[in-house]
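# Breakdown of the fold
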Amino acid sequence: MRALYFFFASATVLAQGRSVAITVDDLPYTLSDEPLASGTVNHKLLVAFQAHHVPVTGFVIQQRVESLGAGTGTKILREWISRGFDLGNHTYSHPDMNGLSVQQIEQEIVRGESAIGPLMKKAGKQLAFFRFPMDETGDTKAKHDEIAAFLSRRGYKVATCTIDTSDYLFSDAYAEMLAKNDETAAQKLRVEYLAYSNAEIDYYAGLNKQVLGYEPPEVMLLHVNRLNADMIEQVLGLFEQKQYRFVSLAEAQADAAYRIPETYITKFGPMWGYRWAKERGVKVNGSLELEPPQWILEYGTHRR
């Protein structure tokens with residue numbers, strides 16, 4: 001019966017074509033030595049999303065809002081909403097969830113609603129999605145199940161992600177290159193980042209198809225940073241070249257794949273393709289996934 005169910009799900013997806021939901025974590029962008037960059041980085045992303053008709057969900061860290069000052073931080077979030085985008089909860093301080101008790105995690109979730117709750121309500125929108133920091137959904141069954149139940153009681157759905165490009169690693173090196181005015185390295189990194197993103201999109205599409213028997217609507221994980229602000233047009237272009245249709249997170253997660261119970265217990269935060277493989281008993285070879293270029297990971301270690 002399950003095989004028949006997924007056959008029909010696969011047929012539906014093929015009829016509709018490929019689709020992807022774009023999500024952006026760690027709003028709003030903050031950088032202490034670039035106080036004016038916060039609004040600029042967010043604005044560049046939003047303009048590109050509007051131009052490409054991408055219904056994005058941005059996930060907010062409340063502590064970052066406060067670090068910018070209530071006025072500036074809230075203004076940035078208000079621009080996201082006024083341009084038609086949704087906001088989700090990414091906890092108060094983006095902690096390592098494995099080191100917290102259930103009660104502490106619940107407090108992080110509730111405090112994470114401080115700014116986005118009133119803003120979404122005023123806009124007539126529902127605060128519907130929560131994303132775990134680093135996708136750490138619970139390192140013990142008890143913690144996993146208790147937090148899942150708590151989120152459900154507060155009306156949340158867990159925001160998944162099926163494609164990850166380790167953009168934060170590229171971003172760390174990129175920020176240092178810009179600070180050093182090393183444009184040669186920065187240009188090389190931009191090329192490498194786009195190539196790596198292209199490879200990761202294809203890798204995860206293949207992984208998910210192997211596990212499920214079809215490619216579900218994908219959920220792309222990006223982070224708000226200078227690199228993505230500079231490269232977002234090209235990143236979105238990769239999906240367009242591969243004939244993906246941009247959809248909302250809610251539309252993507254309405255697919256049958258996202259109704260597979262998420263019961264995988266791990267202290268890490270793997271993409272959902274790996275979780276589905278564990279749930280369905282499908283053996284996959286994770287070593288086939290490329291690692292970011294070593295020179296980028298090492299940039300600055302001998303240049304300080």
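Residues numbered from 1 in each chain as written. Predicted model: local features only at pLDDT ≥ 70, side-chain atom pairs only at ≥ 80, totals over all residues. Heavy atoms only, no water.

This brings us to the packing of helix α8 (residues 167-179) against helix α10 (residues 226-241). Contact geometry for α8 and α10: axes closest at 8 Å, N-to-C directions at 105°. With respect to each other, α8 and α10 are oriented roughly perpendicular. Counted together, Asp 167, Phe 170, Ser 171, Tyr 174 and Leu 178 of α8 and Arg 226, Leu 227, Asn 228 and Asp 230 of α10 form the full contact between these two elements. Looking at the contact of α8 with α10 residue by residue, the class counts come to four nonpolar, two polar and three charged. (Axes fitted to C-alpha atoms, helices over the stretch in contact; angles between N-to-C directions. Helix = DSSP H or I, 4+ residues; strand = E, 2+ residues; numbered from the N terminus. Parallel < 35°, antiparallel > 145°, perpendicular 65-115°, else oblique. Contact = heavy atoms within 4.5 Å. Nonpolar A, V, L, I, M, F, W, Y, C, P; charged D, E, K, R; others polar.)

One pass over the full model with this rule turns up 14 salt bridges. Because the salt bridges share partners, they merge into one network encompassing Lys 44, Arg 226 and Asp 230. (Salt bridge = Lys/Arg side-chain N within 4 Å of Asp/Glu carboxyl O.)

Because each turn of an α-helix spans 3.6 residues, side chains separated by three or four positions end up pointing in the same direction. If you check α10, its first and last C-alpha atoms are 24 Å apart, about what 16 residues at 1.5 Å a residue would give, namely 22 Å. Largest kink in α10: about 65°, centred on Ile 232. What α10 keeps buried is the set Leu 227, Asn 228, Ala 229, Met 231, Ile 232, Val 235, Leu 236, Gly 237, Leu 238 and Phe 239. Backbone nitrogen of Leu 227 and a side-chain oxygen of the N-cap are separated by 3.2 Å at the start of α10; the cap is Asn 225. Two residues or fewer after α10 comes Gln 243, characterised by a positive phi angle close to 65°. (Expected span 1.5 Å × (residues − 1). Bend = angle between axes of the 7 residues up to and from the residue. Buried < 20%, exposed > 50% of the residue type's maximum accessible area, 1.4 Å probe, protein only. Polar contact = N/O pair within 3.5 Å; in protein donor to acceptor, adjacent residues only side chain to side chain.)

So, about the side chain of Asp 164. Examined against the element boundaries, Asp 164 turns out to sit in strand β6 (residues 163-164). Summary of buried charges: Asp 164 has no salt-bridge partner, and the nearest side chain of opposite charge, Arg 131, is 9.3 Å away. A polar side-chain atom of Asp 164 sits 3.2 Å from the main-chain amide nitrogen of Ser 166. In this structure, Asp 164 is in contact with Glu 200, Tyr 204, Leu 221 and Met 271, ignoring residues within four places of it in sequence. (Lys, Arg positive; Asp, Glu negative; His and termini not counted.)

Ile 22, Phe 49, Leu 77, Trp 80, Leu 87 and Phe 239 are the most contacted members of the largest nonpolar core, which has 89 residues in total. The greatest single-element share of this core, amounting to 12 residues, is contributed by helix α9 (residues 183-212). Filtering out sequence-adjacent residues up to four positions away, Phe 49 remains in contact with Ile 22, Val 24, Val 54, Val 56, Trp 80, Phe 85, Ile 232 and Leu 236. (Core = buried A, V, L, I, M, F, W, Y, C linked by side-chain atoms within 4.5 Å.)

Here the focus is the packing of aromatic side chains. For any pair of aromatic rings, the description consists of the separation of the ring centres together with the inter-plane angle of the planes. Taken as a whole and judged by the stated rule, the model has 12 aromatic pairs. Ring geometry for Phe 170 against Tyr 193: centres 5.2 Å apart, planes inclined by 50°, an arrangement best described as tilted. Here Phe 170 is found in helix α8, whereas its partner Tyr 193 is found in helix α9, with 23 residues between them in sequence. Assigned by exposure class, Phe 170 and Tyr 193 land together as buried. For the ring pair Tyr 204 and Tyr 274, a centre distance of 6.3 Å and an interplane angle of 80° mean the geometry is edge-to-face. (Phe/Tyr/Trp six-rings, centres within 6.5 Å; stacked < 30°, edge-to-face > 60°.)

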